[in-house]
Amino acid sequence: MADSPDTPAVDADSPLRHRHLLDLSTYDADELRHILDTAQEFRAVLDRPIRQVPTLQGTTVASLFFEPSTRTKLSFGLAAGRLSAETVSLSKSGSSVKKGETLKDTARNVEAMKVDVVVLRHSSPGAPHFLARCTDSVILNAGDGAHAHPTQALLDVLTMREHIDTFDGLNVSIIGDITHSRVARSNVQALTTLGANVTLCGPATMLPVEMERAMDVRTTTDLDAALEGCDIAMALRIQMERQDEGLFPSIREYHMKFGITPDHLRRHPNLLIMHPGPVNRGVELANDVVDHERAIILSQVTNGVALRMAILYLLAPQRTDG
Ligand code: CP
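Bear in mind that the values here come from a model prediction, so they are computed numbers and not experimental data.

Now for the pairing of strand β3 (residues 117-122). Taken across its 6 residues, β3 has 6 buried, putting it largely inside the fold. Burial of the side chains of β3 extends over both faces: Val 117, Val 119 and Arg 121 are buried on one face and Val 118, Leu 120 and His 122 on the other. Relative to β3, strand β1 (residues 60-65) runs parallel, the two being bridged by 5 bridges. In the strand pairing of β3, Ser 63 is matched with Val 119. Examined bridge by bridge, β3 and strand β4 (residues 138-144) share 5 bridges and lie parallel to one another. Across the sheet, the residue bridging to Val 119 is Leu 140, located in β4. Of the crossover connections in this fold, the one passing from β3 over helix α4 (residues 127-134) to the parallel β4 is right-handed.

What follows is the structure, given as structure tokens:
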């Protein structure tokens, strides 16, 4: 850990060993459970008539979103607001990045304005790690290229935990474009650390088989095999722009081979359906599946606010417990 940018927590009260949330590769099961337990407390705050606590008064959170986002951007903003932190945000198109300013200079200028926490979404894998090395702010990764999306995976396992007794032996299948999915990578790290069995399923062109050995998962190109004995199926968004790369013949054929349909729900009566969003209705999930009572997609979104409150609470400096 000593030479990692993700240095040990400076707050002696925090049981976390980390100062940043860059990816989940170095978070152990105790740390993950502590984050989930904290998020569960904040989930209860969201159901109160007044959904705000003064915990992070005096803390400033800057969101730098250099890629589009609906859920992650809004929920980080809401989470910071619910904790009474001050927030500012910047997009690529509305910033001097458009004039050629580098990521490092952008972040150092943001930091010079006395910001405590930087939430970064960026198309380059490793961009949050880079910022953690060249600034003093706490860095929270909101998705970096195809590398990692740690808060998404944490909100996913938080949502799963509402429906299960234990992760030990839980069978989770992640279906779709695994190669380009930061959600898949972070979920594999969180789920295997917590004791779940993970199957990755998708077209051979989107399924890096080396992950089977490197990440202790099973891989298959057969959706029926992925759903057999599966407790939770997580479908991933097909990036339509990848159609030009010849990774799958057509949207229609993708849906026929890998789309989850009402028939799958009938054949697997206890199967729960998840999706990180945004959903391509009729592609990775049939329209009726998106709206089915066993699709817990909107619970994922609600839990995203609670989970991001927990991350800010645990990692942001200058907090006053209230
Ligand atoms: N799941 C997710 O990251 O969604 P957004 O891209 O809308 O933030």
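Moving on from the model shown.
On to the confidence of the model for the protein, then. With 93% of its residues at a pLDDT of 70 or more, the protein shows a mean pLDDT of 92. Scored below 50 in pLDDT, residues 1-5 shows 8 contacts in the model against residues more than four places distant or in partner chains. Ignoring residues within four places in sequence, the model shows residues 7-11, a span with pLDDT below 50, making 13 contacts including any to other chains.

What follows is about the sheet that holds strand β6 (residues 197-201). What holds strands together in a sheet is hydrogen bonding between their backbones, with the strands either parallel or antiparallel. Taken in spatial order, the 5 strands line up as β7-β6-β5-β8-β9 in an open sheet, and their pairing is parallel. Each of the sheet's edge strands pairs with one partner strand only, and the pair in question is β7 (218-220) and β9 (272-274). Taking the axes of each pair of neighbouring strands and ignoring which way they run, one obtains an average angle of 20 degrees across the sheet. Here 5 bridges tie strand β5 (residues 171-175) to β6, and the two strands are oriented parallel to one another.

So, on to the environment of Phe 258. By the element assignment, Phe 258 lies in helix α9 (residues 251-258). C-alpha of Phe 258 to C-alpha of Ile 178: the two residues are 80 residues apart in sequence and 12 Å apart in space. Filtering out sequence-adjacent residues up to four positions away, Phe 258 remains in contact with Ile 175, Cys 201, Gly 202, Pro 203, Thr 221, Leu 223 and Glu 284.

Another point: the site of the ligand. In the vicinity of the ligand, the contacting residues are Ser 69, Thr 70, Arg 71, Thr 72, Arg 121, His 149, Gln 152, Pro 276 and Gly 277. One nitrogen or oxygen atom from the side chain of His 149 is found 2.8 Å from an oxygen atom belonging to the ligand. In this structure, Gly 277 approaches the ligand through a main-chain N or O atom, which is 3.4 Å from a nitrogen atom. Compared with its free state, where it exposes 250 Å², the ligand has 92% of that area covered by protein. By residue class, the composition of the shell around the ligand is 1 nonpolar, 6 polar and 2 charged.

The rules behind each value
- Residues numbered from 1 in each chain as written.
- Predicted model: local features only at pLDDT ≥ 70, side-chain atom pairs only at ≥ 80, totals over all residues.
- Heavy atoms only, no water.
- Buried < 20%, exposed > 50% of the residue type's maximum accessible area, 1.4 Å probe, protein only.
- Helix = DSSP H or I, 4+ residues; strand = E, 2+ residues; numbered from the N terminus.
- Pairing = 2+ DSSP bridges.
- Right-handed = clockwise from strand over helix to strand, strands pointing away.
- pLDDT = per-residue confidence, 0-100.
- Contact = heavy atoms within 4.5 Å.
- Axes fitted to C-alpha atoms, helices over the stretch in contact; angles between N-to-C directions.
- Near = heavy atom within 4 Å.
- Polar contact = N/O pair within 3.5 Å; in protein donor to acceptor, adjacent residues only side chain to side chain.
- Areas by Shrake-Rupley, 256 points an atom, 1.4 Å probe, with all protein chains shown as cover.
- Nonpolar A, V, L, I, M, F, W, Y, C, P; charged D, E, K, R; others polar.

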